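One-letter residues, chain by chain:
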Amino acid sequence: MNMISIVLSQLLAFLVSTTGDWFIAVALITLGIKLLLFPLSIKQQKVQLLTANLTKARTILSGKFHNQIKKVNSESMKIASKYKINPLFTFATLIIQAPVFFSLYVAITHLSIPVGSILIPWVSDLHMADHLHILPVIAGLLQTLSVFTAENKNLLMFIFPVAIGVVFLWKAPVALSAYWIANSVLRFVEVQIFRLGPIQRKYLNIPSPEEMVQRL
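A brief structural summary. (Residues numbered from 1 in each chain as written. Predicted model: local features only at pLDDT ≥ 70, side-chain atom pairs only at ≥ 80, totals over all residues. Heavy atoms only, no water.)

Helix and strand content of the chain: 10 helices and zero strands. Going from the N terminus to the C terminus, the chain shows its helices and strands as α-α-α-α-α-α-α-α-α-α. By residue count, 42% of the 216 residues in the chain fall in the buried class. Taking the intrachain contacts of the chain between residues at least 6 apart in sequence as the baseline, contacts between residues at least 24 apart amount to 72%. Accessible surface, the chain: about 12200 Å² in total, of which carbon and sulfur atoms supply 69%. (Helix = DSSP H or I, 4+ residues; strand = E, 2+ residues; numbered from the N terminus. Buried < 20%, exposed > 50% of the residue type's maximum accessible area, 1.4 Å probe, protein only. Contact = heavy atoms within 4.5 Å. Areas by Shrake-Rupley, 256 points an atom, 1.4 Å probe, with all protein chains shown as cover.)

Spelled out as C-alpha coordinates, the structure:
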(Lines give C-alpha, C1' and ligand atoms only; values in the text may rest on other atoms or scores of the structure.)
Protein backbone atom coordinates (compact mmCIF):
# COMPACT_ATOMS: atom_id res chain seq x y z
CA MET A 1 0.00 0.00 0.00
CA ASN A 2 1.23 3.49 -0.80
CA MET A 3 1.15 6.34 1.68
CA ILE A 4 -2.19 7.71 0.43
CA SER A 5 -3.77 4.25 0.72
CA ILE A 6 -2.47 3.81 4.26
CA VAL A 7 -3.86 7.20 5.36
CA LEU A 8 -7.22 6.54 3.68
CA SER A 9 -7.41 3.05 5.16
CA GLN A 10 -6.80 4.33 8.69
CA LEU A 11 -9.19 7.24 8.24
CA LEU A 12 -11.88 5.01 6.74
CA ALA A 13 -11.53 2.50 9.59
CA PHE A 14 -11.86 5.32 12.14
CA LEU A 15 -14.93 6.83 10.45
CA VAL A 16 -16.63 3.46 9.98
CA SER A 17 -16.12 2.54 13.64
CA THR A 18 -17.21 6.03 14.77
CA THR A 19 -20.34 6.36 12.63
CA GLY A 20 -21.19 2.67 12.46
CA ASP A 21 -22.18 3.23 8.82
CA TRP A 22 -19.84 2.59 5.86
CA PHE A 23 -21.78 4.83 3.44
CA ILE A 24 -21.62 7.83 5.76
CA ALA A 25 -17.93 7.15 6.35
CA VAL A 26 -17.19 7.12 2.62
CA ALA A 27 -19.26 10.29 2.13
CA LEU A 28 -17.26 12.06 4.86
CA ILE A 29 -13.97 11.00 3.25
CA THR A 30 -15.22 12.29 -0.09
CA LEU A 31 -16.11 15.63 1.50
CA GLY A 32 -12.64 15.80 3.05
CA ILE A 33 -10.97 15.15 -0.31
CA LYS A 34 -13.17 17.83 -1.89
CA LEU A 35 -12.12 20.37 0.74
CA LEU A 36 -8.44 19.56 0.21
CA LEU A 37 -8.79 20.00 -3.54
CA PHE A 38 -11.01 23.10 -3.28
CA PRO A 39 -8.25 25.62 -4.17
CA LEU A 40 -7.60 23.61 -7.32
CA SER A 41 -11.34 23.46 -8.02
CA ILE A 42 -11.53 27.26 -7.85
CA LYS A 43 -8.79 27.59 -10.45
CA GLN A 44 -10.40 24.91 -12.60
CA GLN A 45 -13.80 26.60 -12.50
CA LYS A 46 -12.26 29.98 -13.27
CA VAL A 47 -10.57 28.58 -16.38
CA GLN A 48 -13.79 26.90 -17.50
CA LEU A 49 -15.81 30.10 -17.06
CA LEU A 50 -13.18 32.18 -18.85
CA THR A 51 -13.07 29.64 -21.69
CA ALA A 52 -16.86 29.75 -22.06
CA ASN A 53 -16.81 33.56 -22.14
CA LEU A 54 -13.95 33.53 -24.65
CA THR A 55 -16.10 31.43 -26.98
CA LYS A 56 -18.86 34.04 -26.73
CA ALA A 57 -16.30 36.82 -27.18
CA ARG A 58 -15.21 35.19 -30.45
CA THR A 59 -18.78 35.54 -31.71
CA ILE A 60 -18.70 39.25 -30.87
CA LEU A 61 -15.32 39.62 -32.58
CA SER A 62 -16.60 37.76 -35.63
CA GLY A 63 -19.39 40.32 -36.03
CA LYS A 64 -17.07 43.24 -35.30
CA PHE A 65 -14.48 42.21 -37.90
CA HIS A 66 -17.01 40.86 -40.41
CA ASN A 67 -15.84 37.23 -40.16
CA GLN A 68 -12.19 37.99 -40.88
CA ILE A 69 -10.90 34.71 -39.46
CA LYS A 70 -7.26 35.76 -39.06
CA LYS A 71 -8.22 38.95 -37.24
CA VAL A 72 -10.72 37.12 -35.02
CA ASN A 73 -8.11 34.45 -34.16
CA SER A 74 -5.49 37.08 -33.44
CA GLU A 75 -7.74 39.03 -31.09
CA SER A 76 -8.95 35.83 -29.42
CA MET A 77 -5.36 34.80 -28.72
CA LYS A 78 -4.74 38.20 -27.13
CA ILE A 79 -7.71 37.64 -24.80
CA ALA A 80 -6.56 34.10 -23.96
CA SER A 81 -3.06 35.38 -23.20
CA LYS A 82 -4.32 38.31 -21.12
CA TYR A 83 -6.47 36.11 -18.89
CA LYS A 84 -4.09 33.13 -18.96
CA ILE A 85 -6.75 30.79 -20.34
CA ASN A 86 -5.44 27.25 -20.69
CA PRO A 87 -8.26 24.73 -21.33
CA LEU A 88 -5.94 21.82 -20.48
CA PHE A 89 -5.92 22.98 -16.85
CA THR A 90 -9.53 21.81 -16.53
CA PHE A 91 -8.24 18.22 -16.53
CA ALA A 92 -5.95 18.84 -13.55
CA THR A 93 -8.53 17.78 -10.95
CA LEU A 94 -9.29 14.59 -12.87
CA ILE A 95 -5.60 13.74 -13.08
CA ILE A 96 -5.14 14.31 -9.34
CA GLN A 97 -8.28 12.36 -8.40
CA ALA A 98 -7.21 9.27 -10.35
CA PRO A 99 -4.52 8.15 -7.83
CA VAL A 100 -6.86 9.11 -4.98
CA PHE A 101 -9.58 6.87 -6.43
CA PHE A 102 -7.11 3.99 -6.88
CA SER A 103 -5.72 4.50 -3.36
CA LEU A 104 -9.26 4.39 -1.97
CA TYR A 105 -9.82 1.10 -3.78
CA VAL A 106 -6.65 -0.34 -2.22
CA ALA A 107 -7.68 1.00 1.20
CA ILE A 108 -11.08 -0.68 0.91
CA THR A 109 -9.61 -4.05 -0.05
CA HIS A 110 -7.36 -3.96 3.05
CA LEU A 111 -10.08 -2.89 5.47
CA SER A 112 -11.61 -5.64 7.59
CA ILE A 113 -14.54 -4.02 9.41
CA PRO A 114 -17.84 -5.71 8.46
CA VAL A 115 -20.27 -2.86 9.05
CA GLY A 116 -23.47 -2.20 7.12
CA SER A 117 -25.26 1.01 6.24
CA ILE A 118 -28.72 2.16 7.23
CA LEU A 119 -28.90 4.03 3.91
CA ILE A 120 -27.93 0.99 1.80
CA PRO A 121 -29.52 -1.92 3.73
CA TRP A 122 -29.21 -4.44 0.88
CA VAL A 123 -25.37 -4.38 1.07
CA SER A 124 -23.93 -5.59 4.38
CA ASP A 125 -20.25 -4.79 3.76
CA LEU A 126 -18.40 -2.05 1.87
CA HIS A 127 -16.14 -4.77 0.30
CA MET A 128 -19.07 -6.34 -1.48
CA ALA A 129 -20.37 -5.49 -4.94
CA ASP A 130 -23.95 -4.28 -5.20
CA HIS A 131 -25.72 -7.46 -6.31
CA LEU A 132 -28.76 -5.38 -7.29
CA HIS A 133 -26.49 -2.98 -9.25
CA ILE A 134 -28.49 -0.02 -7.95
CA LEU A 135 -25.55 2.11 -6.80
CA PRO A 136 -23.48 1.75 -10.01
CA VAL A 137 -26.48 2.92 -12.05
CA ILE A 138 -27.16 5.83 -9.66
CA ALA A 139 -23.47 6.77 -9.77
CA GLY A 140 -23.55 6.90 -13.56
CA LEU A 141 -26.77 8.90 -13.64
CA LEU A 142 -25.55 11.42 -11.09
CA GLN A 143 -22.40 11.92 -13.15
CA THR A 144 -24.66 13.34 -15.86
CA LEU A 145 -25.54 16.25 -13.58
CA SER A 146 -22.70 18.08 -15.35
CA VAL A 147 -24.77 17.91 -18.54
CA PHE A 148 -27.21 20.43 -17.11
CA THR A 149 -24.40 22.95 -16.56
CA ALA A 150 -22.82 22.54 -19.99
CA GLU A 151 -23.21 25.04 -22.80
CA ASN A 152 -23.64 22.34 -25.43
CA LYS A 153 -25.92 19.46 -24.55
CA ASN A 154 -25.95 16.28 -26.61
CA LEU A 155 -26.84 12.62 -26.22
CA LEU A 156 -23.23 11.45 -25.87
CA MET A 157 -22.77 13.71 -22.85
CA PHE A 158 -25.56 11.74 -21.20
CA ILE A 159 -24.67 8.22 -22.35
CA PHE A 160 -20.91 8.29 -21.76
CA PRO A 161 -20.85 8.93 -17.96
CA VAL A 162 -23.69 6.45 -17.41
CA ALA A 163 -21.79 3.80 -19.36
CA ILE A 164 -18.56 4.48 -17.45
CA GLY A 165 -20.37 4.28 -14.11
CA VAL A 166 -22.21 1.09 -14.96
CA VAL A 167 -19.30 -0.77 -16.60
CA PHE A 168 -16.54 0.26 -14.20
CA LEU A 169 -18.52 -0.01 -10.98
CA TRP A 170 -20.74 -2.98 -11.90
CA LYS A 171 -18.72 -5.53 -9.92
CA ALA A 172 -16.48 -3.17 -7.94
CA PRO A 173 -16.70 -2.81 -4.14
CA VAL A 174 -19.82 -0.84 -3.34
CA ALA A 175 -17.79 1.77 -1.43
CA LEU A 176 -16.40 3.01 -4.77
CA SER A 177 -19.94 3.63 -6.01
CA ALA A 178 -20.62 5.52 -2.79
CA TYR A 179 -17.53 7.67 -3.38
CA TRP A 180 -18.58 8.28 -6.99
CA ILE A 181 -22.11 9.29 -5.90
CA ALA A 182 -20.97 11.63 -3.12
CA ASN A 183 -18.34 13.20 -5.38
CA SER A 184 -20.89 13.80 -8.17
CA VAL A 185 -23.36 15.48 -5.79
CA LEU A 186 -20.67 17.68 -4.24
CA ARG A 187 -19.35 18.55 -7.69
CA PHE A 188 -22.82 19.58 -8.88
CA VAL A 189 -23.35 21.83 -5.84
CA GLU A 190 -19.91 23.34 -6.33
CA VAL A 191 -20.56 24.14 -10.00
CA GLN A 192 -23.95 25.69 -9.22
CA ILE A 193 -22.32 28.00 -6.67
CA PHE A 194 -19.63 29.07 -9.13
CA ARG A 195 -22.29 29.78 -11.76
CA LEU A 196 -23.84 32.52 -9.60
CA GLY A 197 -23.19 35.94 -11.11
CA PRO A 198 -22.12 37.67 -7.84
CA ILE A 199 -19.66 34.84 -7.10
CA GLN A 200 -18.14 35.12 -10.58
CA ARG A 201 -17.77 38.90 -10.44
CA LYS A 202 -16.81 39.45 -6.79
CA TYR A 203 -14.68 36.41 -5.96
CA LEU A 204 -13.49 35.00 -9.29
CA ASN A 205 -13.18 38.30 -11.20
CA ILE A 206 -14.65 36.78 -14.35
CA PRO A 207 -15.18 39.43 -17.06
CA SER A 208 -18.17 39.16 -19.35
CA PRO A 209 -17.59 38.43 -23.08
CA GLU A 210 -18.34 42.07 -23.82
CA GLU A 211 -15.77 43.23 -21.26
CA MET A 212 -13.17 40.90 -22.74
CA VAL A 213 -13.60 42.55 -26.12
CA GLN A 214 -13.75 46.10 -24.74
CA ARG A 215 -10.54 45.65 -22.71
CA LEU A 216 -8.41 44.59 -25.70
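With that out of the way, let us pick up the pattern of salt bridges. Scanning the entire structure with this criterion turns up four salt bridges. For the salt bridge of Lys 71 with Glu 75, the shortest nitrogen-to-oxygen distance reads 3.7 Å. Residue Lys 71 and its partner Glu 75 are located together in helix α4 (residues 69–82), separated by four residues, close to a single helical turn. Judged by relative accessible area, which is 34%, Lys 71 ranks as partly exposed. In this structure, a network of salt bridges that share partners links the residues Lys 34, Arg 187 and Glu 190. (Salt bridge = Lys/Arg side-chain N within 4 Å of Asp/Glu carboxyl O.)

Counting residues in each nonpolar core, the largest one holds 33 residues, and the members touching the most others are Leu 12 and Trp 22. Looking at this core, the elements with two or more residues in it are α1 (3–19), α2 (22–36), α5 (92–109), α6 (134–143) and α8 (174–194). In terms of residue count, the dominant contributor to this core is α8 (seven residues). Every residue in contact with Leu 12, bar those within four places of it in the chain, is listed here: Ala 25, Val 26, Ile 29, Ile 108, Leu 111 and Leu 126. Core analysis: the next-biggest nonpolar cluster, separate from the first, contains 15 residues, Leu 49, Tyr 83, Ile 206 and Met 212 among them. (Core = buried A, V, L, I, M, F, W, Y, C linked by side-chain atoms within 4.5 Å.)

It is worth spelling out unusual backbone geometry at this point. Most of the time, phi is negative for any residue but glycine, and the peptide bond is trans. Despite not being glycine, Lys 84 has its phi angle at roughly 55°, a positive value. Structurally, Lys 84 can be placed in the loop between α4 and α5. Of note, Asn 205 is a non-glycine position whose phi angle comes to about 55°, a positive value. Locating Asn 205 in the fold gives a position in the loop between α9 (197–202) and α10 (209–214). In this structure Asn 205 comes out as exposed when scored by relative accessible area, which is 54%.

It is worth spelling out the packing of aromatic side chains at this point. Using the criterion set out here, one finds three aromatic pairs in the structure. Aromatic side chains Phe 38 and Phe 194 sit 6.1 Å apart centroid to centroid with 15° between the ring planes, which places their arrangement in the stacked category. Within this pair, whereas Phe 38 is found in helix α3 (residues 38–64), its partner Phe 194 is found in helix α8, the two being separated by 156 residues in sequence. For the pair Phe 168 and Trp 180, a centre-to-centre distance of 6.3 Å together with 40° between the ring planes defines the contact as tilted. (Phe/Tyr/Trp six-rings, centres within 6.5 Å; stacked < 30°, edge-to-face > 60°.)

Relative to the helices and strands, Leu 141 resides in helix α6. Leu 141 sits 40 residues away from Ile 181 along the chain, and the two C-alpha atoms are 9.0 Å apart.

Turning our eyes to something else, we now look at the side chain of Ser 5. Relative to the helices and strands, Ser 5 resides in helix α1. A polar side-chain atom of Ser 5 sits 3.3 Å from the main-chain carbonyl oxygen of Ser 103. Every residue in contact with Ser 5, bar those within four places of it in the chain, is listed here: Ser 103, Val 106 and Ala 107. (Polar contact = N/O pair within 3.5 Å; in protein donor to acceptor, adjacent residues only side chain to side chain.)

Attention shifts here to the packing of α3 against α8. For any two helices packed against each other, the geometry comes down to the angle between their axes and how far apart the axes lie. Axis separation between α3 and α8 bottoms out at 11 Å; the angle between their running directions is 55°. On the basis of the axis angle, α3 is oblique to α8. In the crossing of α3 with α8, the sense of the turn from one axis to the other is right-handed. Every residue of α8 that contacts α3 at Phe 38, Ser 41, Ile 42, Gln 44, Gln 45, Gln 48 and Leu 49 is listed here: Arg 187, Glu 190, Val 191 and Phe 194. (Axes fitted to C-alpha atoms, helices over the stretch in contact; angles between N-to-C directions. Parallel < 35°, antiparallel > 145°, perpendicular 65-115°, else oblique. Left-handed = near helix turned anticlockwise from the far one by under 90°.)

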